[in-house]
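# Analysis of the macromolecular model
As a plain string of letters, each chain reads:
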Amino acid sequence: MRTALTIAGSDSCGGAGIQADIKTMTMNGVYAMSAICALTAQNTTGVTGIAEVSPEFLRAQLDAVFDDIFPDAVKIGMVSSAGLIETIADVLACRRAKNIVIDPVMVSTSGSRLLQEDAVNTLTERLLPLADVVTPNIPEAEILAGLAIRTAEDMKKAARVIGEKCGSAVLLKGGHSINDANDLLLENGSFLWFEGKRIDNPNTHGTGCTLSSAIAANLAKGFTLRDSVARAKEYISDALSAMLDLGHGSGPMNHAFALSGEFAKEAE
């Protein structure tokens, strides 16, 4: 069985972060492992607290995984400080990790800032160059590229700037009033649009975590980047279309929409 490692923060309400990543990787057919960068106190209405692990303990988690079950892909999500970013970069470079997907999480769906300002440069200079693909949304891409994004052409400009900075492929996620969830992939100098339809579901907590984890899972299984993105978009669309409605804010999607069988049955 292929394996994937998520390096991210924990989400106490289970819709994003480590919890969403593990659910997504499992549903996409790989064995999921994790290294937790931070605990968060959060629910569908917002983040009320963040408690980071130390760089030393994060390194211990990563070494424990790589020493025993070498991951076929690595997904990196919320990493809130420069020290943790440095640690991840050191370990991934030393271990020659493969199929690295970085979702540069900076702000939560509810608007809470998740990345310290002094960590942005460290992220750009140390971690992003290790990625096979970086998956920013529009606000994150504006920060990374230093450009305002208002049109599809702006998305191309920003993706090219980020790609040149990082030396990796870039999947710039649409939405945010730019288009109907059309995502732009820049790979080896060529652009490819992945068209999507906007699903009338206000519960979008954890969509970025879910998409990047699904991409990592498919890369781990040997799919090309283009096929991995296409499969991941189909998965997230179906999870949103299941119309799960939990919580009082922007709720989670149903990661287990396709789960069936004896162990999933409810009591009669």
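Residues numbered from 1 in each chain as written. Predicted model: local features only at pLDDT ≥ 70, side-chain atom pairs only at ≥ 80, totals over all residues. Heavy atoms only, no water.

### Here we look at the overall build of the protein chain
Helix and strand counts for the protein chain come out as 8 helices and 9 strands. Computed over the C-alpha atoms, the radius of gyration of the protein chain is 17 Å, within 12% of the 18 Å expected from 2.2 N^0.38 for a compact globule of 268 residues. By principal-axis analysis of the C-alpha atoms, the protein chain measures approximately 55 × 45 × 40 Å. Buried positions account for 52% of the 268 residues belonging to the protein chain. Sequence separation of 24 or more characterises 68% of the internal contacts of the protein chain that already satisfy a separation of 6 or more. Charge centroids of the protein chain, computed over 22 positive and 32 negative side chains, lie 5 Å from each other. (Helix = DSSP H or I, 4+ residues; strand = E, 2+ residues; numbered from the N terminus. Rg over C-alpha atoms; globule rule 2.2 N^0.38 Å. Buried < 20%, exposed > 50% of the residue type's maximum accessible area, 1.4 Å probe, protein only. Contact = heavy atoms within 4.5 Å. Lys, Arg positive; Asp, Glu negative; His and termini not counted. Charge placed at Lys NZ, Arg CZ, Asp CG, Glu CD.)

### Things to note about the nonpolar core
Of all hydrophobic cores here, the largest spans 45 residues; its most connected members are I7, I76, I88 and L92. When residues of this core are assigned to their parent elements, the largest contribution, 6 residues, is made by helix 3 (residues 82–95). Once residues within four sequence positions are removed from consideration, L92 is found in contact with I7, F66, V74, I76, A97, I100, L127 and L130. In terms of nonpolar packing, the next biggest core, distinct from the first, is built from 27 residues, L185, A214, A216 and A239 among them. (Core = buried A, V, L, I, M, F, W, Y, C linked by side-chain atoms within 4.5 Å.)

### Concerning the packing of aromatic side chains
Counted under the stated rule, the structure contains 1 aromatic pair. For the pair F66 and F70, a centre-to-centre distance of 5.1 Å together with 80 degrees between the ring planes defines the contact as edge-to-face. Exposure remark for F66: the relative accessible area of 5% places this residue in the buried category. By relative accessible area, which is 36% here, F70 ends up partly exposed. (Phe/Tyr/Trp six-rings, centres within 6.5 Å; stacked < 30°, edge-to-face > 60°.)

### A short note on the packing of helix 3 against helix 4 (residues 119–127)
The geometry of helix 3 relative to helix 4 is characterised by a closest axis approach of 9 Å and an angle of 5 degrees between their N-to-C directions. Classified by the angle their axes make, helix 3 and helix 4 are roughly parallel. Taken together, the residues of helix 4 that come into contact with helix 3 (itself represented by A82, I85, E86, I88, A89, D90 and L92) are A119, T122, L123, R126 and L127. Residue composition of the contact of helix 3 with helix 4, grouped by class: 8 nonpolar, 1 polar and 3 charged. (Axes fitted to C-alpha atoms, helices over the stretch in contact; angles between N-to-C directions. Parallel < 35°, antiparallel > 145°, perpendicular 65-115°, else oblique. Nonpolar A, V, L, I, M, F, W, Y, C, P; charged D, E, K, R; others polar.)

### Description of the pattern of salt bridges
Once their charged atoms are close, side chains differing in charge can pair, the charge on each being opposite to the other. Evaluated as defined, the whole model comprises 11 salt bridges. Across the pair D21 and K75 runs a salt bridge whose closest N-O atoms are separated by 3.0 Å. Taken as a pair, D21 in helix 1 (residues 17–27) and K75 in strand 4 (residues 73–76) lie far apart in primary sequence, 54 residues in all. A single burial state applies to D21 and to K75, both of which are buried. Each of the salt bridges in this network shares a partner with another, and the network as a whole consists of R59, E86, D90 and R126. (Salt bridge = Lys/Arg side-chain N within 4 Å of Asp/Glu carboxyl O.)

### Details of helix 4
What helix 4 keeps buried is the set A119, V120, T122, L123, T124 and L127. Those residues of helix 4 hidden inside the fold are in contact with strand 4, helix 3, strand 5 (100–102), helix 5 (138–145) and helix 6 (152–166).

### A few points about the environment of V47
By secondary structure assignment, the location of V47 is in strand 3 (residues 46–52). The sequence separation of V47 and R150 amounts to 103 residues, and the corresponding C-alpha distance is 28 Å.

### What about the side chain of N28?
Within the secondary structure, N28 is located in the loop between helix 1 and strand 2 (31–43). Among the residues examined, N28 registers a relative accessible area of 9% and is labelled buried. Once residues lying within four places of it in the same chain are set aside, the contact partners of N28 are A214, A217, N218, K221 and Y235.

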